[in-house]
Amino acid sequence: MEPLSADHPLVVRVRRIKQTLRADDVVGTPACAADPDLHHPDRVSGLGCPDHKAERKAITVCQACPLTDLCLLQELREVGGVEHVLGVRAGLKQTARQALYLTLAKEGLL
Ligand code: SF4
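In this report, the structure presented in the accompanying data block is examined. (Residues numbered from 1 in each chain as written. Predicted model: local features only at pLDDT ≥ 70, side-chain atom pairs only at ≥ 80, totals over all residues. Heavy atoms only, no water.)

**Topic: the site of the ligand**
Move 1: In the vicinity of the ligand, the residues found are P30, A31, C32, H39, C62, C65, T68, C71, R89 and A90.
Move 2: For the shell around the ligand, the class distribution of residues is 7 nonpolar, 2 polar and 1 charged. (Near = heavy atom within 4 Å. Nonpolar A, V, L, I, M, F, W, Y, C, P; charged D, E, K, R; others polar.)

Set out below in structure tokens:
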């Protein structure tokens, strides 16, 4: 998997989140709270690869979530390795977040 360019929209998004996210902005309940397994489409399929219908549904749930910026930043900071970036978070598939993680780690931006 190739890292993203420094001006890729996801890298720019994370830079913006890091600069602007304040504790006061973190208000609300995670939209996935009722069904956290939904955000692991690989588990839904039972095949080790994402179930695409479940993946699309999880992305839709994230799009209605008030905590997407926090969710993305928290995972990238806390996950501890690209192999642990799994499932859907912040409306993004795991492949997109894995590339983002590798880029941020390479740039020292985690
Ligand atoms: S953005 Fe994060 S907290 Fe919100 S629904 Fe998606 S996975 Fe859950």
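**Re the side chain of H39**
Move 1: In this structure, H39 sits in the loop between α1 (9-20) and α2 (41-45).
Move 2: Of the polar contacts made by the side chain of H39, one reaches the backbone oxygen of A58; its length is 3.4 Å.
Move 3: Setting aside residues up to four positions removed in sequence, H39 forms contacts with C32, A58, V61, C62, G87, V88 and R89. (Helix = DSSP H or I, 4+ residues; strand = E, 2+ residues; numbered from the N terminus. Polar contact = N/O pair within 3.5 Å; in protein donor to acceptor, adjacent residues only side chain to side chain. Contact = heavy atoms within 4.5 Å.)

**Structural notes on the nonpolar core**
A general tendency of soluble globular proteins is for nonpolar side chains to be buried together.
Move 1: Core analysis: the largest hydrophobic core is formed by 14 residues, its most contacted members being V14, L72, L76, L100, Y101 and L104.
Move 2: Residue contributions to this core peak at 4 residues, all from α1.
Move 3: Excluding anything up to four places from it in sequence, L76 contacts V14, R97, L100, Y101, L104 and L110.
Move 4: A58, I59, C62 and V88 belong to the second-largest nonpolar core, a separate cluster that totals 5 residues. (Core = buried A, V, L, I, M, F, W, Y, C linked by side-chain atoms within 4.5 Å. Buried < 20%, exposed > 50% of the residue type's maximum accessible area, 1.4 Å probe, protein only.)

**Thoughts on the environment of A96**
Move 1: Here A96 lies in helix α5 (residues 94-107).
Move 2: Residue classification places A96 among the partly exposed residues on the basis of a relative accessible area of 24%.
Move 3: Separated by 59 residues in the primary sequence, A96 and D37 place their C-alpha atoms 19 Å from one another.

**Description of the pattern of salt bridges**
Move 1: One pass over the full model with this rule turns up 4 salt bridges.
Move 2: Between D69 and R13 there is a salt bridge; the shortest N-O distance is 3.6 Å. With D69 in helix α4 (residues 68-78) and R13 in helix α1, this pair connects stretches of sequence that are 56 residues apart.
Move 3: Here D69 falls in the partly exposed class, since its relative accessible area comes to 21%.
Move 4: Among the salt bridges present, the one from K93 reaches E55, with a minimum N-O distance of 3.9 Å. (Salt bridge = Lys/Arg side-chain N within 4 Å of Asp/Glu carboxyl O.)

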